[in-house]
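# Structural features, examined
Now for the letters of each chain:
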Amino acid sequence: MGYGLVLCSGNDISLIAMGVLKLSARSDAYERLRLIHKKVKELIGEYHPHEFAIEAPFFGKNVQSMLKLGRAQGVAIATAMHAGLTVTEYSPRKVKQSVTGNGNSGKEQVWKMLQTILHLGEEIKEYDASDALAVAVCHHFQHRSPDKIHSTDKSRPAGRSSGKKTGNWETFIRQNPGKVRTR
């Protein structure tokens, strides 16, 4: 499970933290859910985010995997809601579209754009973390809210869907003038 937190001040956005909670497949399923709850609660307690954005569920062929994912999603979103956070959900395509301008971008393209947007030099070790960070950046682009910390959690619980389509590069540039550089 990846997570990412960003600080937003007007049109400016900066990385606060990102990482991955690694859960052993050998652990009891309920123990994994407890650890997800604990980690989300710890992140909320440490960073005091104002909002919580999460990636919408994706549909797979393995029903058992979907059931496990749904449970993890429920725990993460319930923890955020219990802390009084507004929860917003974005489809994977919406996140990619918002960050790169292309809803079909690969993980590498998304990470490269995140490096540009957030002025990050390091390379990514875990794409679960960059996926979660992309959700936070997407949320910022969709809801420009000054001086707020946005938290994300990639365990993808079902929840509210929001956000409008960015459309194309022209719309992206118009909505993000501070992200455009001319050479």
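Right, let's walk through the structure included here. Everything numeric in this text was worked out from a predicted model, so none of it was measured.

## Comments concerning the overall build of the chain
Assigned secondary structure in the chain consists of six helices and five strands. Taken from the N to the C terminus, the helices and strands of the chain come in the order β-β-α-β-α-β-α-α-α-β-α. Relative to its full complement of 183 residues, the chain shows a buried share of 45%. Taking the intrachain contacts of the chain between residues at least 6 apart in sequence as the baseline, contacts between residues at least 24 apart amount to 70%.

## Structural notes on the nonpolar core
Ile-13, Val-99, Leu-114, Ile-117, Leu-118, Leu-133 and Val-137 are the most contacted members of the largest nonpolar core, which has 23 residues in total. Here this core gets eight residues from one element, more than from any other, and that element is helix H5 (residues 127-142). With residues up to four places along the chain from it excluded, the contact list for Leu-118 reads Ile-13, Ser-14, Leu-15, Leu-133 and Val-137. Counting 15 residues, the second largest nonpolar core, distinct from the first, contains Ile-36, Val-40, Ile-44 and Ile-54.

## Remarks on unusual backbone geometry
Phi angles above zero are rare outside glycine, and His-48 is one such case at about 50°. As for its placement among the helices and strands, His-48 is situated in the loop between helix H1 (29-47) and strand E3 (51-55). The class of His-48 is exposed, set by a relative accessible area of 55%. Phi angles above zero are rare outside glycine, and His-119 is one such case at about 55°. Among the secondary structure elements, His-119 is positioned in the loop between helix H4 (107-118) and H5.

## Some thoughts on the pairing of strand E2 (residues 12-20)
With eight bridges connecting them, strand E1 (residues 2-9) and E2 associate as antiparallel partners. Across the sheet, residue Gly-4 finds its bridge partner in E2, namely Met-18. Where E1 folds back on E2, the antiparallel hairpin that results is connected by two residues, among which Gly-10 adopts a positive phi of roughly 65°.

## Structural notes on the pattern of salt bridges
All told, the structure shown has four salt bridges when counted by the stated rule. With a shortest N-O distance of 2.7 Å, Lys-22 and Glu-126 are connected by a salt bridge. Of this pair, Lys-22 sits in the loop between E2 and H1 while Glu-126 sits in the loop between H4 and H5, placing them 104 residues apart in sequence. Between Lys-107 and Asp-131 there is a salt bridge, and its shortest N-O distance comes to 2.5 Å. Taken together, the positions of Lys-107 in helix H4 and Asp-131 in helix H5 put the pair 24 residues apart, joining distant regions of the chain. A relative accessible area of 39% means that Lys-107 is categorised as partly exposed.

Conventions and cut-offs
- Residues numbered from 1 in each chain as written.
- Predicted model: local features only at pLDDT ≥ 70, side-chain atom pairs only at ≥ 80, totals over all residues.
- Heavy atoms only, no water.
- Helix = DSSP H or I, 4+ residues; strand = E, 2+ residues; numbered from the N terminus.
- Buried < 20%, exposed > 50% of the residue type's maximum accessible area, 1.4 Å probe, protein only.
- Contact = heavy atoms within 4.5 Å.
- Core = buried A, V, L, I, M, F, W, Y, C linked by side-chain atoms within 4.5 Å.
- Pairing = 2+ DSSP bridges.
- Salt bridge = Lys/Arg side-chain N within 4 Å of Asp/Glu carboxyl O.

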